[in-house]
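A look at the structure
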Amino acid sequence: MSTRTIYLALAVLLALWVVVPIFLIATLAFSDRASVFAWPKGILPQHFSLETISFFFGVAGVGKAIGNSLIVAGLTLLFAVLLGAPAGYALARYRFAGADAYRILILLTRAFPLAILAIPLAVRFINLGLYDTPLGVALVHTALALPFAVLVTSSLFLGIPRELEEAAWTLGCNRIQAFLKVVLPLALPGLAATAIFAFVISWNEVFAATLLTLRERTLPAFLLTALNDSPLPFRFAGGFFLIVPALVFIFVIRRYLFTLWGIANR
Amino acid sequence: MAGIRVENIVKLFGRVKALNGVSLEVRDQEFVVLLGPSGCGKTTLLRIIAGLEHAESGRVFIGDRDVTALPPRSRKIAMVFQNYAVFPHLTVFENIAFGLRMQKALPERLRAQVERAATLMHIENLLERYPAQLSGGQRQRVAVARALAVEPEVLLMDEPLSNLDALLRLEMRAELKRLLAESRTTTLYVTHDQVEAMSLADRIAVMNAGRVVQYDEPMKVYQEPADTFVGGFIGSPPMNFLRLPVEGSQARIQSLTLELPSSPPGKDVLLGVRPEDLEAHLEPQPQSFPARVLVVEPLGSHLLLTLAYEQQQLKVTVPPDFAAKSGQTLWLRPQPGRLRWLDPASGQSLTHARQA
């Protein structure tokens, strides 16, 4: 067997590994109760129905959890872009002492296991009154999303020639005007991708959200605690709702993710 | 309209001295070219005048204003960049109008100025396009039009033609010359292309290793280089330098003796002579010296000969019908009045005092 066929087989296997569960979850989330419990299950959805989905939304707490998730992810998006983009701009445009060390340091923040940080964080958050609030969770999620936001935006700004800004300066702009009139319009698609990526990181994060909340659960945290004592249809519908936004967003911004990985590998 | 004056500019990049106390004056409406090899500091000097770099010491004046501490936007300059720096998200019209919009120009004036600049650069039919839909030459035109539209006191150009292909460069060169002669804008133009410098400039400032080594009219720079660097950098092929022994106030090439303008400090002297200023003859001539032909290169308009005089090589251009073969001995007669004498130790011209 040639190496090419081995690679191909491995790729197919890997793809199936990822796709099959997603496919099963998706089809069963849109089937009626009977087919969710049926065994063996058919490959294709048997009876299309919104019964499972509507049951899921009917469960007490789901609506609130989705709302919390949206708030937390929205705040994370906002913080990550507002803090990450200036840092990325500085890394791209200015030569300052320790720039390279700073770049690595940013990545190192991801090397700290959240499990170690969680307990001190919970204690501190209780002291500060941030415990069990969407803002508290959003702060932790911002810490998780920020390294990527900084590195992606820095590569984004590096891709915009410095001369464009300089030309704007010679034509009468101050630094801020040049940024707003020239750099921002060109960076906007990439900034949007960064924002969406921060949103997805927050939307999918479960560990910190579980530890730092009791009543104000985000959707993943709510599902994690609710899943074990829930009926099967609820699990499928919940799983579906966890996966879908991430899949859609990552599909939309995949081009920018490649540049992110290119930078993160350096 | 205004002149430019820079005084004692020193610029360091880390420990490297990019500019070593440069002073330069550009008169109102003058076209000055900064010419030098890459790394000589010419672009840095231009960027300091634009306000994009800050000098460690020294002052920059535009007109009578001391602009040393001013940001680029307050200097009343316009700049054309090597990579054009045309804004990709704006149409050609908006690119040209950018500076005028920043000045909050009235709509009628803005439209008139943009159309005038676009017509000057022959891009009036491209105003609605985006830069991505333009060729390199067209983008170049947009960049120049954008700079002219704001009617700057001083126009700064950083190798504006170096990204164009050879034919287009020739065309744009002539067009730029016409345009700037018409608009009479004081212009400082950076290039490493000596032909471009010769063809465009009112005066050329030749730079080397962070200094201005000669600042004069193109023909003067060509015929009377201040030192061996200028003679070797300008002209293709470069100036020949022959090391000759000194006898009293004369230099000797075999039987030929040449009068020196002043007595040189050492026992030897360098004769600088352009390849076209040596007249080649097949037979011995008075006032000439022999040299052996090494290589004959037919270049269409003329033949380029490489010859050896004793151990020294020199280049001579002769008419295309000149019968020269390698191995042959020719008699070379230097054109009086076209000779340059230099000190072999310092490389400085004997008559030309070095500028500070």
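Residues numbered from 1 in each chain as written. Chains lettered and ligands numbered in written order. Predicted model: local features only at pLDDT ≥ 70, side-chain atom pairs only at ≥ 80, totals over all residues. Heavy atoms only, no water.

1. What about the overall build of chain B?
The cut-off we apply is this: Strands are runs of DSSP state E lasting at least two residues, helices are runs of H or I lasting at least four, and both sets are numbered from the N terminus onward. Categorising residues by exposure relies on relative accessible area from a 1.4 Å probe, with only protein chains included: less than 20% of the type maximum marks a residue as buried, more than 50% marks it as exposed, and the intermediate range marks it as partly exposed. In this description, contact between two residues means that some pair of their heavy atoms is separated by no more than 4.5 Å.
In terms of regular secondary structure, chain B is built from 8 helices and 20 strands. Expressed along its principal axes, the backbone C-alpha trace of chain B runs to roughly 75 × 45 × 35 Å. Counting the 356 residues in chain B, one finds 53% classified as buried. Of the contacts made within chain B by residues no fewer than 6 positions apart, 65% connect residues no fewer than 24 positions apart.

2. Re the domain arrangement of chain A
Residues and elements named next belong to chain A. We count it as follows: Boundaries between domains were set according to an automatic or database domain assignment. Here's the idea: put two parts together, see how much 1.4 Å probe accessible area each one loses, and the total over both is what we call buried area. Counted as salt bridges are all cases of a side-chain nitrogen of Lys or Arg within 4 Å of a carboxyl oxygen of Asp or Glu. Pairs of N or O atoms within 3.5 Å make up the polar contacts considered here, provided that, within protein, one atom can donate a hydrogen while the other can accept it, and that residues adjacent in sequence are counted only when both atoms are side-chain atoms. Under the convention adopted here, Pro, Cys and the residues Ala, Val, Leu, Ile, Met, Phe, Trp and Tyr are nonpolar, Asp, Glu, Lys and Arg are charged, and Gly plus all remaining residues are polar.
Domains assigned within chain A are domain 1 (1–49) and domain 2 (58–264). Look at where the C-alpha atoms of domain 1 and domain 2 centre, and you get two points 30 Å apart. Taken together, the contacts link 9 residues of domain 1 with 8 residues of domain 2. It is Ile 22, Ile 25 and Val 36 that lose the most area in domain 1 upon contact with domain 2, and together they represent 48% of the buried surface on that side. Counting the contacts that link domain 1 with domain 2 gives 0 salt bridges. For the pair domain 1 and domain 2, the number of links is 0 residue pairs in polar contact (both at pLDDT 80 or more). Its residues placed into classes, the side of domain 1 that touches domain 2 shows 8 nonpolar, no polar and 1 charged.

3. Section: the UniProt feature "domain: ABC transporter" (unreviewed entry) in chain B
For clarity, the threshold we go by: UniProt positions are given in the numbering used here, feature names are shortened, and annotations may be inferred rather than shown by experiment.
The sites that carry the UniProt feature "domain: ABC transporter" (unreviewed entry) are, in the present numbering, residues 4–234 of chain B. For residues 4–234 of chain B, helix accounts for 37% and strand for 26%, while the C-alpha atoms at its two ends are 25 Å apart.

4. What to know about the interface of chain A and chain B
Counting residues at the interface gives 17 residues for chain A and 18 residues for chain B. Counting the surface lost from both chain A and chain B, the interface buries some 1600 Å², and carbon and sulfur atoms represent 74% of this. When the buried area of chain A at its contact with chain B is split by residue, A:Glu166, A:Thr170 and A:Leu171 rank highest and sum to 39% of it. At the junction of chain A with chain B, the criterion picks out 1 salt bridge. Linking A:Glu166 and B:Arg47 is a salt bridge whose minimum nitrogen-to-oxygen distance equals 2.7 Å. Between the two partners, chain A and chain B, sit 4 residue pairs in polar contact (both at pLDDT 80 or more). Contributing elements (two or more residues each) for the side of chain A that touches chain B: helix H8 (162–170) and helix H9 (175–204) of chain A.

5. Brief notes about the side chain of B:Gln214
Residue and element names in this part refer to chain B. Within the secondary structure, Gln 214 is located in strand E10 (residues 211–216). Residue classification places Gln 214 among the buried positions, given a relative accessible area of 1%. A polar contact is formed between the side chain of Gln 214 and the backbone oxygen of Glu 224, at a distance of 2.8 Å. Separated by 2.8 Å, the side chain of Gln 214 and the backbone nitrogen of Ala 226 make a polar contact.

6. What to know about the pattern of salt bridges
All names here are of chain B. Taken as a whole and assessed by the stated rule, the structure comprises 22 salt bridges over all chains. Between Glu 94 and Arg 101 there is a salt bridge; the shortest N-O distance is 2.7 Å. Look at Glu 94 and you get partly exposed, because its relative accessible area is 24%. Take Arg 101: its relative accessible area is 42%, and that puts it in the partly exposed class. In the salt-bridge network here, residues are joined through shared partners; they are Arg 141, Glu 171, Glu 175, Arg 178 and Glu 182.

7. Digging into the packing of aromatic side chains
Quick note on the threshold: In this analysis, rings of Phe, Tyr and Trp, with Trp reduced to its six-membered ring, are considered paired at centre separations within 6.5 Å, and the interplanar angle assigns stacked below 30 degrees, edge-to-face beyond 60, and tilted for intermediate values. Note on criteria: charge over ring means Lys NZ or Arg CZ within 6 Å of the ring centre, with the direction from the centre no more than 35 degrees off the ring normal.
Across all of its chains, the model carries 18 aromatic pairs over all chains by this definition. Where A:Phe57 meets A:Phe241, the ring centres are 5.0 Å apart and the plane angle is 90°; that geometry is what we call edge-to-face. Of this pair, A:Phe57 sits in helix H3 (residues 51–58) while A:Phe241 sits in helix H12 (residues 232–252), placing them 184 residues apart in sequence. Classification of A:Phe57 by relative accessible area gives partly exposed; the value is 39%. Seen from their ring centres, A:Phe148 and A:Phe197 are 5.7 Å apart, and the 80° between their planes marks the pair as edge-to-face. Remark: A:Phe197 occurs in helix H9 and A:Phe148 occurs in helix H7 (residues 134–158); sequence separation between them is 49 residues. When sorted by exposure, A:Phe148 lands in the same class as A:Phe197, which is buried. Here the aromatic residues A:Phe30, A:Phe56, A:Phe57, A:Phe234, A:Phe240 and A:Phe241 are joined through ring pairs into a cluster of three or more. The ring of B:Phe61 has B:Arg5 lying over it, and the distance from NZ or CZ to the ring centre is 4.3 Å. One cation-aromatic arrangement involves B:Arg146 over B:Phe87; the distance from NZ or CZ to the ring centre is 4.6 Å.

8. Let's talk about the pairing of strand E4 (residues 57–62) of chain B
Residue and element names in this part refer to chain B. The test is simple: By definition, two strands form a pair when at least two bridges between them are found by DSSP.
Where strand E1 (residues 4–13) meets E4, 5 bridges bridge the pair, whose relative direction is antiparallel. Bridge pairing links Glu 7 to Arg 59 in E4. Where E4 meets strand E5 (residues 65–66), 2 bridges bridge the pair, whose relative direction is antiparallel. Pairing of Phe 61 across the sheet is with Asp 66, part of E5. Count of turn residues in the E4/E5 antiparallel hairpin: 2 residues, of which Gly 63 carries a positive phi of about 65°.

9. A few points about the UniProt feature "transmembrane region" (unreviewed entry) in chain A
All names here are of chain A. In the numbering used here, UniProt assigns the feature "transmembrane region" (unreviewed entry) to residues 6–30, 69–92, 104–126, 138–158, 179–203 and 232–253. End C-alpha atoms of residues 6–30 are separated by 36 Å, and the span's content is 96% helix alongside 0% strand. Secondary structure within residues 179–203 divides into 100% helix and 0% strand; the distance between the first and last C-alpha atoms comes to 31 Å.

10. Side note on the pairing of strand E6 (residues 77–80) of chain B
All names here are of chain B. Across the two faces of E6 the burial is the same, with Ile 77 and Met 79 and Ala 78 and Val 80 all buried. Across 4 bridges, E6 lies against strand E7 (residues 154–158) in parallel orientation. Looking at E7, one finds that Met 79 is bridged to Leu 156.

11. As for the domain arrangement of chain B
All names here are of chain B. What the domain assignment reports for chain B is domain 1 (4–228) and domain 2 (238–342). Between the C-alpha centres of domain 1 and domain 2 there is a distance of 39 Å. Domain 1 puts 8 residues into the contact, and the matching count from domain 2 is 8 residues. Note on domain 1 versus domain 2: buried area summed over both sides is about 680 Å², and carbon and sulfur give 54% of it. If you sort the residues of domain 1 by the area they bury against domain 2, Tyr 222, Pro 225 and Thr 228 come out on top, with a joint share of 67%. Between the two partners, domain 1 and domain 2, sit 0 salt bridges. At the boundary of domain 1 and domain 2, one finds 4 residue pairs in polar contact (both at pLDDT 80 or more).

12. With respect to a nonpolar patch on the surface
Operational definition: Each patch is assembled from residues with relative accessible area greater than 30% and no salt bridge, linking like charges that lie within 9 Å and nonpolar side chains (Val, Leu, Ile, Met, Phe, Trp, Tyr) that lie within 5 Å. In these tables, accessible area is a Shrake-Rupley quantity obtained with a 1.4 Å probe, and a residue counts as shielded only by the protein chains included in the view.
A cluster of nonpolar side chains, namely A:Val12, A:Leu16, A:Trp17, A:Val18, A:Val19, A:Val20, A:Phe23 and A:Leu24, defines an oily patch on the protein surface of about 750 Å² accessible area. For A:Trp17, the location among the structural elements is in helix H1 (residues 3–29).

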